[in-house]
Amino acid sequence: MSVEAYRHVEFSLQTGEQKLALAPSEAVPAAQLVDAAGARLEICCVWRPTAEPQPTESYPLGPDGKALARPARCEVQSLVRLDSP
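Residues numbered from 1 in each chain as written. Predicted model: local features only at pLDDT ≥ 70, side-chain atom pairs only at ≥ 80, totals over all residues. Heavy atoms only, no water.

Draft legend 1. Here's a closer look at the overall build of the protein chain. Along the protein chain, the regular secondary structure elements total 2 helices and 4 strands. In the protein chain, the succession of helices and strands from N to C terminus is α-β-β-α-β-β. On the principal axes, the C-alpha backbone points of the protein chain span a range of 45 × 30 × 20 Å. Of all 85 residues assigned to the protein chain, the portion counted as buried reaches 26%. Excluding contacts between residues fewer than 6 apart, the proportion of contacts in the protein chain whose partners are at least 24 apart in sequence is 62%. Carbon and sulfur atoms provide 52% of the accessible area of the protein chain, an area that totals close to 5,900 Å². (Helix = DSSP H or I, 4+ residues; strand = E, 2+ residues; numbered from the N terminus. Buried < 20%, exposed > 50% of the residue type's maximum accessible area, 1.4 Å probe, protein only. Contact = heavy atoms within 4.5 Å. Areas by Shrake-Rupley, 256 points an atom, 1.4 Å probe, with all protein chains shown as cover.)

Have a look at this one:
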């Protein structure tokens, strides 16, 4: 698993100057997010705050040798394409 995948920042929604990290979910897997790249979308998501790794998890380390936290992100629950594929 890549550091980006672990931190749930491999997908994002760009709106002007703002960038929002999107995370896959059981309802919308990563493959569906990949397929939607570049499309106009309507999404419904659940906000997930920054999270420290659980003691039982494997996790990458930062330059300081500490576990990398997962940043705040929007876990996608539904995705509707507003344009043709």
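Draft legend 2. View of the environment of Q77. Structurally, Q77 can be placed in strand β4 (residues 73-81). Sequence separation of Q77 and A37 is 40 residues, and the distance between their C-alpha atoms is 16 Å. Among the polar contacts listed, one links the side chain of Q77 to the side chain of E75, at a separation of 3.2 Å. (Polar contact = N/O pair within 3.5 Å; in protein donor to acceptor, adjacent residues only side chain to side chain.)

Draft legend 3. Representation of the state of the cysteines within the structure. With the rule as written, the count across this model stands at 1 disulfide. The side chain of C45 participates in a disulfide bridge whose partner is C74; the two sulfur atoms lie 1.5 Å from each other. Note that C45 is positioned in strand β3 (residues 41-48) and C74 in strand β4, a separation of 29 residues in sequence. Relative accessible area serves as the criterion here: at 31%, C45 is assigned to the partly exposed category. With no disulfide partner, C44 has as its closest neighbouring cysteine sulfur the one in C45, 6.6 Å distant. (Disulfide = S-S within 2.5 Å.)

Draft legend 4. Layout of the side chain of E75. Among the structural elements, E75 can be located in strand β4. In terms of polar contacts, E75 uses its side chain to reach the side chain of R48, at 3.2 Å. When near neighbours in sequence (up to four residues on either side) are disregarded, E75 contacts A23, P24, S25, C44, C45, V46 and R48.

Draft legend 5. Structural detail: the nonpolar core. F11, L22, V28, L33, A36, C74, V76 and L79 form the largest nonpolar core, which has 8 residues in total. Among the elements that take part in this core, β4 stands out by supplying 3 residues, more than any other. Setting aside residues up to four positions removed in sequence, C74 forms contacts with L20, A21, L22, A23, C45, V46 and W47. (Core = buried A, V, L, I, M, F, W, Y, C linked by side-chain atoms within 4.5 Å.)

Draft legend 6. Examining the pairing of strand β1 (residues 11-15) more closely. Note that β1 and strand β2 (residues 18-23) share 5 bridges and pair antiparallel. Note that in β2 the partner of F11 across the bridge is L22. Hairpin connection of β1 to β2: 2 residues between the antiparallel strands, including G16 at a positive phi of 65°. (Pairing = 2+ DSSP bridges.)

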